[in-house]
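A closer look at the structure
Residue-level listing of the chains:
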Amino acid sequence: MRRKFLKQIYAILLVVCGMVLANTVYATTVTPMISVSSTHAVGVKSDGSLIAWGTKVTNESTTNGAYSFSTTIGADFIFANAGYGSSLAIKSDGTLWGFGKNNVGQLGDGTATSSHDPVQVNGLTGIKAVAAGTDHSVALKEDGTVWTWGYNFFGQLGNGTMVDSLSPIKVSGLTDVTAIAAAGDRTVALKSDGSVWYWGKKDNGSMYGYLNPVTISSLTGITSVAAGFYHTLALKNDGTVWAWGTNDYGELGNGTLTASRTIPVKVSGLTGV
């Protein structure tokens, strides 16, 4: 009798466990990460949910502590990037989402209406990287093309015009891109051949900008790029770092102050990076 009872209990447990397993969703492993700007921070938790804190998170209001976004947008984010007034986040399906300030179309949803919860960027899939400038946004697709939207007074959208765009537009004549960076009113791209391209406001603080991508002929063998507000850095395959732009605070790392450079200079005493 006892053995029969135990068998019945075991059978019931199998049914219950089967029901639990059938209703369990196993999420793809997510590496937690954070991104910061001068106004706020955004992050992705290990469960794929999106959080943010600081100013300009919820329609430019200040939040106390972390702000967890509505569950209706899902919890399958894998990467996020904080811009000056808005942020971008990539989902595991390759779609792109934006939230925050949107007065000139930084969110890329076809409107100029700010949103505290993420809205989907129009028409973009297969996204592998994103970057946010002051008032413009940049995305790199898996096919090596670059797409931009938002403010364009200095040509930071790279389409040969100074016209703002509420939705993503393809950067003119730029392919085989492997990495992007953006800051202030500029955008930088690294191609598979190790060449560096940039457009928008010039690195020397000039009020003029490049409306189309231009290359820096003196830089070759580059493996990584990063952008500051008025200066840019590039890492070469020999482990050296090169910098150009304004240098008011020694950001070029070449042992001088205030001597801006339009041609990259080698950062002093830094090798094996």
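Residues numbered from 1 in each chain as written. Predicted model: local features only at pLDDT ≥ 70, side-chain atom pairs only at ≥ 80, totals over all residues. Heavy atoms only, no water.

So, the overall build of the protein
Regarding its fold elements, the protein presents one helix and 20 strands. Within the protein, contacts between residues at least 6 apart in sequence are counted, and of these 43% link residues at least 24 apart. When the accessible area of the protein is evaluated, it comes to approximately 13300 Å², of which 57% is carbon and sulfur surface. (Helix = DSSP H or I, 4+ residues; strand = E, 2+ residues; numbered from the N terminus. Contact = heavy atoms within 4.5 Å. Areas by Shrake-Rupley, 256 points an atom, 1.4 Å probe, with all protein chains shown as cover.)

Looking at the sheet that holds strand E19 (residues 241-245)
Backbone-to-backbone hydrogen bonds join strands into a sheet, with any given pair of strands oriented parallel or antiparallel. Pairing in this open sheet of four strands is antiparallel, and the strands run E17-E18-E19-E20 from one edge to the other. Of all strands in the sheet, those bounded by a partner on one side alone are strand E17 (222-227) and strand E20 (261-266). Going across the sheet, the axis of each strand differs from the next one's by a mean of 20°, ignoring polarity. When strand E18 (residues 231-236) meets E19, the two strands line up antiparallel, connected through five bridges. In the sheet register, leucine 233 faces E19, and the bridge partner there is alanine 243. (Pairing = 2+ DSSP bridges. Axes fitted to C-alpha atoms, helices over the stretch in contact; angles between N-to-C directions.)

So, the nonpolar core
The biggest cluster of nonpolar side chains holds 14 residues, and the ones touching the most others in it are Val42, Val44, Leu50, Phe69, Phe77, Ala80 and Phe99. At the level of secondary structure, the elements contributing two or more residues to this core comprise strand E2 (40-44), strand E3 (50-54), strand E5 (77-82) and strand E7 (96-100). Here this core gets three residues from one element, more than from any other, and that element is E5. With twelve residues, the next largest nonpolar core counts Leu140, Leu174, Val177 and Ala182 among its residues. (Core = buried A, V, L, I, M, F, W, Y, C linked by side-chain atoms within 4.5 Å. Buried < 20%, exposed > 50% of the residue type's maximum accessible area, 1.4 Å probe, protein only.)

Topic: a nonpolar patch on the surface
Judged by side-chain polarity, Ile34, Val36 and Trp53 come together as a nonpolar surface patch covering roughly 310 Å² of accessible area. Checked against the element boundaries, isoleucine 34 lands in strand E1 (residues 33-36). Given the relative accessible area of 59%, isoleucine 34 is considered exposed. (Patch = residues over 30% accessible without salt bridge, like charges linked within 9 Å, V, L, I, M, F, W, Y side chains within 5 Å. Salt bridge = Lys/Arg side-chain N within 4 Å of Asp/Glu carboxyl O.)

Comments concerning the pairing of E7
In terms of burial, E7 is a largely internal element, five of the five residues being buried. The side-chain alternation of E7 yields two buried faces, one formed by Leu96, Gly98 and Gly100 and the other by Trp97 and Phe99. Relative to E7, strand E6 (residues 86-91) runs antiparallel, the two sharing five bridges. Bridge pairing in E7 links isoleucine 90 to leucine 96. Hairpin connection of E6 to E7: four residues between the antiparallel strands, including glycine 94 at a positive phi of 85°. Pairing of E7 with strand E8 (residues 115-120), which is carried by three bridges, proceeds in the antiparallel orientation. For glycine 100, the partnering residue across the bridge sits in E8 and is serine 115.

Description of the pattern of salt bridges
Two side chains bearing opposite charge may form a pair once their charged atoms approach each other closely. Applying the stated criterion across every chain, the model contains two salt bridges. A salt bridge links aspartate 76 to lysine 91; the nearest nitrogen and oxygen atoms lie 3.6 Å apart. Of this pair, aspartate 76 sits in the loop between strand E4 (67-68) and E5 while lysine 91 sits in strand E6, placing them 15 residues apart in sequence. Aspartate 76 gets classed as partly exposed once you look at its relative accessible area, which sits at 29%. The class of lysine 91 is buried, set by a relative accessible area of 8%. Aspartate 135 is paired through a salt bridge with lysine 101; the nearest N and O atoms lie 3.7 Å apart.

A word on the confidence of the model for the protein
Looking at the protein as a whole, its pLDDT mean stands at 83, while 83% of the residues score no less than 70. Contacts from residues 1-28, a stretch scored under 50 in pLDDT, to residues over four places away or in other chains number one contact. (pLDDT = per-residue confidence, 0-100.)

Remarks on the side chain of serine 115
Within the secondary structure, serine 115 is located in strand E8. Classification of serine 115 as buried rests on a relative accessible area of 14%. There is a polar contact of 2.5 Å between the side chain of serine 115 and the backbone oxygen of aspartate 117. (Polar contact = N/O pair within 3.5 Å; in protein donor to acceptor, adjacent residues only side chain to side chain.)

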